[in-house]
Amino acid sequence: MSGPTTEQPAQPRAVPGLGKVRRAKPPTVAERVLPSGLRVVAIRRASVPVVHLRLRVPTAVRRDADLARAGMLEHTMLLGTAERSQSEIADALQRVGGSLRASSDADRLVLAGESLAPGLPDLLGLLAEVLTSASYPRAEVEREAARLADLLGRRLSQPGVVADERWLRQVFGDHPYGREYPAPEEVLDVSASSLRSAHRRRLVPDGSLLVLVGDLSPARVLDRVEGALAGWTGDGSPTTVPKVKRFTPGALQLVDRPGAVQSNLRVGGFAMPRTDPDHAAQELANAIFAGPFVSRLTQNIREDKGYTYSPRSSLHHNARASFALLQADVATEVTAPALVEVGYELGRVASLPPSADEVESMAQHLVGVLALSTSTQAGLAATLSVLLADGLGVDWLRDHPQRLLAVTPDQVHDAARRILAPATRATTVVGDASVVGDSLRDLGPVDLS
């Protein structure tokens, strides 16, 4: 007979390390360029019985009036067609368990939609109907213009939006990338007849890209798309924005906002395009500087000093230019100290290589973000439509995790020197000039407006 035993308290166990990142299995893909010039790419992912589509039409903004017209096209394209009213379009979409919506920027107009898989023929029919016979009824267009003008008036009064718009103007000047939103009065000047004309001239299939992802047979879907969109033709050709001139960072731009309790900081400059061989290193450099919660700037001005809640630097890729932009909103009394810390962290990441552990940890984070963002059909459709429009292939998505994990600290350092060196950055501050002006002038030249 054995005697009593003494139980030992359980000891915490170490979290196991991450396993090797597996290369994703390539999806089934079919692709065709239709006689109209429309490129169609279909990808099978049958996780749920739904199909998502993304149509990207290159409708570049080249003049100020184009920006307002593009915004109005986005908001009025689905107001009716030659065959159906807005309500009838909504009813038809509801019957296939789907939706259809439009968005635009300086480079393109995007139509995005989805439906239950059996409803794809009806969704394609509606898409073709909108592309070939959107009617832009006058009364509805005027009502929508008033709504959009009101929305823009409120949006352009927000200090964060003011800071974004002023920074874009500082870097891109009069180029179409120099502002994101039209003025309310510009929108009110857009007529229904000008929208019909713009639709005919600018929404053409040549150079456009249609991506479909979901529970589909890729080869059969190409035939179905070709049949449904056979009537979408046009004599126009794809348009692009003018070339972007290089800018020289000058004085800090201070936009006075009397009584503001916060200052909105925007610091950034040009970056490398997504097609650059050093893009993976660039992503890591930007993330280490001011990406996720563990990034250097967040730890510095949020966790250590409590200046702000959520600073973040993001990479933006337009057709003609890419840029990295830091956005941070800080309490008025710490505006200048926060900018000092931003300059310190920019200088640190641009002048010294990060440690191997820091690079490896951030690479794992970015691999996880990429996997999550493409884990749904909608996410995969949106991501692939962007990559394919940039001239990259479907295999880019499969190979990018390995590229991120292979980046070395020296490569991150080289990329940081190219896109994050303080001397190459433009700075805009929106805040109370009577409070923050003198302390900002102690840091360097300031232009006040």
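Note that the structure is a prediction, hence the values are computed from the model and not measured. Residue indices follow the written sequence of each chain, beginning from 1 at its first position. Totals for whole chains, interfaces and linings use every residue, but because this is a predicted model, local features are given only for residues with pLDDT of at least 70 and side-chain atom pairs only at 80 or more, for both listing and counting. Excluded from the side-chain calculations are hydrogens and water; all other atoms, namely the structure's heavy atoms, are used.

**Student:** Would you mind showing me how to read the overall build of the chain here?
**Tutor:** Within the chain, the secondary structure is distributed over 16 helices and 12 strands. Overall, the chain is about 85 × 75 × 45 Å in size when its C-alpha atoms are taken along their principal axes. Within the chain, one finds 50 positive and 51 negative side-chain charges whose respective centroids are separated by 5 Å. The way it works is that DSSP assigns letters per residue, a run of H or I at least four long becomes a helix, a run of E at least two long becomes a strand, and they are numbered from the N terminus. We count Lys and Arg on the positive side and Asp and Glu on the negative side, and we leave His and both chain ends out. One atom stands in for each charge, and that atom is NZ of Lys, CZ of Arg, CG of Asp or CD of Glu.

**Student:** So what exactly am I meant to see when it comes to the sheet that holds strand E12 (residues 446-448) here?
**Tutor:** For two strands to pair, DSSP has to find at least two bridges joining them. With mixed pairing, the six strands of this open sheet are ordered in space as E9-E10-E8-E11-E7-E12. The open sheet has two free edges, formed respectively by strand E9 (312-317) and E12, since each of these has just one partner strand. For this sheet, the mean angle separating the axes of adjacent strands, direction not counted, is 20°. Note: strand E7 (residues 252-256) against E12, three bridges, orientation parallel. Paired with leucine 254 across the two strands is leucine 448, which belongs to E12. Whether two residues touch is decided by their heavy atoms; if any such pair falls within 4.5 Å, the residues are in contact. Angles run from 0 to 180 degrees between N-to-C directions of axes, and those axes are lines fitted to C-alpha atoms, restricted for helices to the stretch in contact. Against the sheet, helix H9 (residues 279-290) engages strand E8 (262-271), E9 and strand E10 (322-331), with an angle of about 155° to E9.

**Student:** Is there a simple way to explain empty space enclosed by the protein in this structure?
**Tutor:** To find leftover empty space, one rolls a probe the size of a water molecule over the atoms. Here a cavity means grid points, on a 1 Å grid over the protein atoms only, where a 1.4 Å probe fits yet cannot get out; a pocket means an open set of points with protein on both sides within 12 Å along at least five of seven lines; lining residues are those with an atom within 4 Å of a point. Grid points are joined across faces, edges and corners, and a volume is the space filled by probe spheres set on the points. Using the criterion set out here, one finds one cavity of 30 Å³ or more in the structure. Considering only enclosed or pocket space, the largest cavity measures out at about 30 Å³ in volume. Val267, Gly268, Phe289, Ser313, Ala324, Leu325, Leu326, Leu346, Leu420 and Arg425 together form the lining of the largest cavity. Put simply, the parts of the chain that give the lining of the largest cavity at least two residues each are E8 and E10. Counting residues per element, the lining of the largest cavity draws most heavily on E10, at three residues. When residues are grouped by polarity, Ala, Val, Leu, Ile, Met, Phe, Trp, Tyr, Cys and Pro land in nonpolar, Asp, Glu, Lys and Arg in charged, and all others, Gly among them, in polar. Here the lining of the largest cavity is composed, by residue class, of seven nonpolar, two polar and one charged.

**Student:** Even after reading the chapter, I still don't get the pairing of strand E3 (residues 50-57), so can you show me in this structure?
**Tutor:** On a regular strand, each side chain points to the face opposite its neighbour's, so the side chains alternate between the two faces of the sheet. Counting buried positions over the eight residues of E3 gives eight, a clear majority of the element. Going residue by residue along E3, you find Val50, His52, Arg54 and Arg56 tucked away on one face and Val51, Leu53, Leu55 and Val57 tucked away on the opposite face as well. Pairing analysis gives six bridges linking E3 to strand E6 (residues 209-214), with the strands arranged antiparallel. Bridging across to E6, histidine 52 finds its partner in valine 213. Exposure classes here rest on a 1.4 Å probe applied to the protein chains alone. A residue is buried below 20% of its type maximum, exposed above 50%, and partly exposed in between.

**Student:** How should I be thinking about the nonpolar core in this particular structure?
**Tutor:** As a rule of thumb, nonpolar side chains are buried together in soluble globular proteins. Ranked by internal contacts, the top residues of the largest apolar core, which has 53 residues, are Leu55, Leu210, Leu212 and Val225. Of all the elements, helix H3 (residues 120-133) adds the most residues to this core, at eight residues. If near-sequence neighbours (up to four positions away) are discounted, leucine 210 is found in contact with Leu38, Arg39, Val40, Val41, Leu53, Arg54, Leu55, Val225 and Leu229. In this text, buried Ala, Val, Leu, Ile, Met, Phe, Trp, Tyr and Cys residues form a nonpolar core when linked through side-chain atoms within 4.5 Å. Of all hydrophobic cores here, the second largest spans 44 residues; its members include Met272, Leu284, Val349 and Ala433.

**Student:** In this structure, what is going on with the sheet that holds strand E2 (residues 39-44)? I would like to understand it.
**Tutor:** In a beta sheet, neighbouring strands pair by backbone hydrogen bonds and run either parallel or antiparallel. Strands sit in the order E1-E2-E6-E3-E5-E4 across an open sheet of six strands; the sheet is mixed. The open sheet is flanked by strand E1 (28-33) and strand E4 (99-104), the only strands paired with a single partner. When the angles between neighbouring strand axes are averaged without regard to direction, this sheet yields 15°. Strands in contact with H3 are E3, E4, strand E5 (109-116) and E6; relative to E5, the strand with the most contacts, it is inclined by about 155°.

**Student:** Quick question: what am I supposed to make of helix H13 (residues 377-389) here?
**Tutor:** End to end, H13 covers 18 Å across 13 residues, agreeing with the expected 18 Å (1.5 Å per residue, within 8%). For H13, the set of buried residues is Gln377, Gly379, Leu380, Ala381, Thr383, Leu384, Ser385, Leu387 and Leu388. Next to the buried residues of H13 lie E2, E3, E6, helix H12 (356-373) and helix H14 (394-406). One or two positions beyond H13, positive phi appears at glycine 391, with a value near 90°. The span expected for a helix works out to 1.5 Å for each residue beyond the first.

**Student:** Could you clarify how one ought to interpret the layout of surface pockets in this entry?
**Tutor:** Reported here for the largest pocket is a volume of approximately 890 Å³. What lines the largest pocket is a set of 35 residues, among which Ser104, Asp105, Ala106, Glu180 and Asn318 lie closest to the centre. Here the lining of the largest pocket gets five residues from one element, more than from any other, and that element is helix H1 (residues 64-76). Classifying every residue of the lining of the largest pocket gives 18 nonpolar, seven polar and 10 charged. Empty space within the second largest pocket amounts to approximately 610 Å³. Along the walls of the second largest pocket sit 23 residues, with His279, Glu283, Leu315, Leu366 and Val369 positioned nearest its centre. Only H9, E9, H12, H13 and H14 provide two or more residues apiece to the lining of the second largest pocket.

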